[in-house]
Amino acid sequence: EKVGSFEFQNHNLREAEGIRKDGSTIEVKVGLSVATRSNVTKGDTIVMVNDTSQWNERVREKSMNDRISRGMKERSYILDQAEILAKQNLTSKIIDASYDALFVINQRGIIQMVNATSTKVFGWTREEFLGNNINMIMPPEHAKKHDGYLERFMRTGERRMMGTEREVEAVRKDNTRFPCILGLSEVSSNPGEDTIFCGFIRSLAQKKDMERQLTDQTLSQVKTARELLNQKNTILGILDASFHALFVMNEECVIQLVNQVAVNVFGWTKDEFVGSNINIIMTKDDAAHHDQYVHDYLKTGVKKMIGTSREVIAQRKDGSTFPCVLGLAEPQSTGLICGFIRDLTSEKAARAEILEKQKLTEKIVEASFDALFVISQRGIIQMVNGASSRVFGWTHEEFLGKNISMIMPEHHASKHDSYLSHYILTGFKKMIGKEREVEAVRKDGTRFPCILGLSEVVNDGLVQYVGYIKDITVQKSLLFAEAERQASDSLLFNILPEHIAYRLKQDPSHIADHYDNTTILFADIVGFTDRTSRMSPHDVVTMLNDIFSRFDYLVGIYDLNKVKTIGDCYMVTSIPSDKLEHDGCARVCRFALDLLKAVRDFNNTAPQHGPINFRIGVATGSVVAGVVGTKRFLFDMWGDAVNVAARMEQSGLPGQIQVTQEVVTSAGSDFTFELRGTLTIKGKGPMEVFMLKSAKVDLAGRHSTRVKPMKSPP
């Protein structure tokens, strides 16, 4: 029978009689309630029993006024109990309103509590989380070490991770991994109780989606561990462990609760915060409108800011301001609004630094003298620099979105996309990472040579290709000019002695010099006119080219000066000089001996029109030398020595080398000569002449020159 009762929320208390184990009876008050909290099965009945035997006895013994006084005290006790439950209920809802996943574990790593965000982020239900080791959300390579971390901390107190934030990798129920920020804190506990750790996990991959998709479901109640129901300080410690400032305010925007981070960030104490309007942390302009925002929401229900996050400017106690992200949420059935504030100062500074570096990079790219193109894997142009427009003629806007083949000749443009497709398919780098010379096309259709360097760039998983193009038109022109100059020099050096060619390049005026000591050689084919009258022009030229090419080779070997060929006559001299002509004369003599050997080698090839023979004459003396004419330069020589050398050849014998006394004297002791006798030389009169027979070296290594008379005069 219901003797008396009063109602507090959904609790009904009534007086009844209870029975102890020994059979005795006691007077009790019984309260019944349907469970709505997540720490027991929803729908179960909760029974509250208070022993009132002694209290009833005193009621019957004392006056009505005492009964009323005790009743008021009992009501006060019940109200205190209800207030604690209400505050714990509020705190739980605040935790559920957090945008970060929250885990509470004991010192053995066993999960004691999670919030609604944890189930949403990881995919397990509350029941699947509770009682399991926290390493269930870790990759295997970290999970096996986690209990060791906790054990070492409890043993040594070493804080390797406590009180810090760091980026780690977490694992969902479906085994997918994602990057996140983990903050781990130790929650203060009463003496004798287990140490509790609180971890906040913020997904980096889904943060933006969570902000956009924030709904009332985010505020669903978390399953609070039973031991936390009676520990208000523990719950507040968890809130203080958050890395973001937290504010709880009522419908009048009066602050009801803050965490320690809010104190650290803004500078006010908790006592200064509680009871103050939330606009104390706002700038003057925002503060003037904030109460009206909240009033309009409570009146209309239109969530202009509730359930969202946005970037705002906050103000500290000292008047300084800073950028931050503000997230507002309304825990269900509380009439309160929760605000989470994340300081963006460091992020803004880092972003500004990145932007400055990006601007610097862009300036460097724009300052490049070479054209730069950034293209996608499909060959679409995504970026160009100023040099690209200057080199090719298209504007920045005309380039972007077009295929890079627009700057290629048609025969390459049609194949370019297939090059990229083949590389993506096979990974074979035919052009990537290399430089090569190619031909490019300007907007006006003109073509030009260039050096193309192509590199692959991967940024946040996006593959792009960067091409640097250097116009080498000027360089090619210079190279072509240099090649022409070298060809011209080669031709000039082939026509003239090297020192004369250099003089002619530096001073194109007439060159005419006198040299005291020069050795001259003439070689002439015996019976050339009769022989060639029976030969075709082609055969004549072929024969002369063959034999004279052999002579030219010997000229190079002995570093002599080929003057000219006149018909079948071949004229060679030593390098003109004013110095004593021993070396130059010796060179010409050795050349003459090898010349006869070359003729013998030619005859051994069984020429079509029979063997040939040469007369050779050599003389030494002074000459006048110079370049004649302006077309087809010729470095020619004149003088008595030239005439004498010609007479030596004309009066010589076939297959023999006839020389003057001056040659014998100048050649030194390197050769063997034979005295032919005295001949009457046109323009000179009687002269002793000699035949060069061989080069001679005695056993002691000393050169000797021997002249012996011929057996009979010619």
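Here the structure is shown first, and the text comes after it.
The structure presented is a predicted model; accordingly, all values stated were derived computationally and were not measured. (Residues numbered from 1 in each chain as written. Predicted model: local features only at pLDDT ≥ 70, side-chain atom pairs only at ≥ 80, totals over all residues. Heavy atoms only, no water.)

Looking now at the pairing of strand S10 (residues 245-249). The buried count for S10 comes to five of five residues, which makes it a mostly enclosed element. Neither face of S10 is open: one carries Ala245, Phe247 and Met249, the other Leu246 and Val248, and all of them are buried. Bridge count for S10 against strand S14 (residues 337-343) is five bridges, and the pairing is antiparallel. Bridging from a neighbouring strand, Val248 pairs with Cys338 of S14. Pairing of S10 with strand S11 (residues 255-258) involves three bridges; the strand directions are antiparallel. Bridge pairing in S11 places Phe247 opposite Val258. In textbook terms, the turn of a hairpin is the stretch between consecutive antiparallel strands, and for S10 and S11 this stretch comprises five residues, one of which, Cys253, has a positive phi near 70°. (Buried < 20%, exposed > 50% of the residue type's maximum accessible area, 1.4 Å probe, protein only. Helix = DSSP H or I, 4+ residues; strand = E, 2+ residues; numbered from the N terminus. Pairing = 2+ DSSP bridges.)

Read from one edge to the other, the open sheet built from five strands follows the order S6-S5-S9-S8-S7, with strand pairing classed as antiparallel. What marks the edges here is a single partner per strand, and that holds for strand S6 (111-114) and strand S7 (164-171). If you compare each strand with its neighbour and ignore which way they point, the axes differ by 30° on average. Sheet topology places strand S5 (residues 101-106) next to S6; three bridges connect them, and they run antiparallel. In the strand pairing of S6, Phe103 is matched with Val114. (Axes fitted to C-alpha atoms, helices over the stretch in contact; angles between N-to-C directions.)

Here we come to the sheet that holds strand S17 (residues 434-441). One open sheet accounts for five strands, arranged S16-S15-S19-S18-S17; its pairing is antiparallel. Both edges of this open sheet fall to strand S16 (381-384) and S17, since each of them pairs with a single strand only. In this sheet, neighbouring strand axes are inclined to one another by 30° on average, regardless of whether the strands run parallel or antiparallel. Pairing analysis gives five bridges linking strand S15 (residues 371-375) to strand S19 (residues 462-471), with the strands arranged antiparallel. Paired with Phe373 across the two strands is Gly467, which belongs to S19. Along the sheet face, helix H14 (residues 410-426) touches S15, strand S18 (447-459) and S19 and points at about 140° away from the line of S19. (Contact = heavy atoms within 4.5 Å.)

Overall, the coordinates contain 20 salt bridges when judged by the stated rule. Put simply, Arg177 and Glu141 hold a salt bridge, and the shortest N to O gap is 3.1 Å. Taken together, the residues Arg177 in strand S8 (residues 177-187) and Glu141 in helix H5 (residues 140-156) connect sequence positions 36 residues apart. Put simply, Arg447 and Glu439 hold a salt bridge, and the shortest N to O gap is 3.3 Å. Residue Arg447 is classed as partly exposed on the basis of its relative accessible area, which comes to 45%. Residue classification places Glu439 among the partly exposed positions, given a relative accessible area of 35%. (Salt bridge = Lys/Arg side-chain N within 4 Å of Asp/Glu carboxyl O.)

Let's shift gears to the packing of aromatic side chains. Counted by the stated rule, this structure contains 22 aromatic pairs. Judged by centre distance (6.1 Å) and plane angle (70°), the rings of Tyr423 and Tyr465 are edge-to-face. You can see Tyr423 sitting in helix H14 and its partner Tyr465 sitting in strand S19, a full 42 residues away along the chain. Across the pair, exposure class does not vary: Tyr423 and Tyr465 are buried alike. Pairwise contacts between aromatic rings join Phe103, Phe122, Trp124, Phe129 and Phe178 into one cluster. (Phe/Tyr/Trp six-rings, centres within 6.5 Å; stacked < 30°, edge-to-face > 60°.)

Mapped onto the fold, Thr605 is located in the loop between helix H19 (582-604) and strand S23 (614-628). Thr605 sits in the partly exposed class, given a relative accessible area of 47%. A polar side-chain atom of Thr605 sits 2.4 Å from the main-chain carbonyl oxygen of Phe602. (Polar contact = N/O pair within 3.5 Å; in protein donor to acceptor, adjacent residues only side chain to side chain.)

Phi is positive for Asn175, which is not a glycine, with a value near 75°. If you trace the backbone, Asn175 turns up in the loop between S7 and S8.

Phe551, Phe591, Phe614, Ile616, Ile657 and Val659 are the most contacted members of the largest nonpolar core, which totals 42 residues. The residues contacting Ile657, other than those within four sequence positions of it, are Ala592, Leu593, Leu596, Ile616, Val618, Phe690, Met691 and Leu692. Listed in part, the 26 residues of the second largest apolar core include Met249, Phe273, Val312 and Ile341. (Core = buried A, V, L, I, M, F, W, Y, C linked by side-chain atoms within 4.5 Å.)

Here we come to H14. In a regular helix each residue adds 1.5 Å, so 17 residues correspond to 24 Å; H14 covers 25 Å between its end C-alpha atoms and thus fits that length. The largest bend in H14 is about 35°, located at His416. Residues of H14 that are buried: Ala413, His416, Leu420 and Tyr423. Contact partners of the buried residues in H14: S15, S18 and S19. (Expected span 1.5 Å × (residues − 1). Bend = angle between axes of the 7 residues up to and from the residue.)

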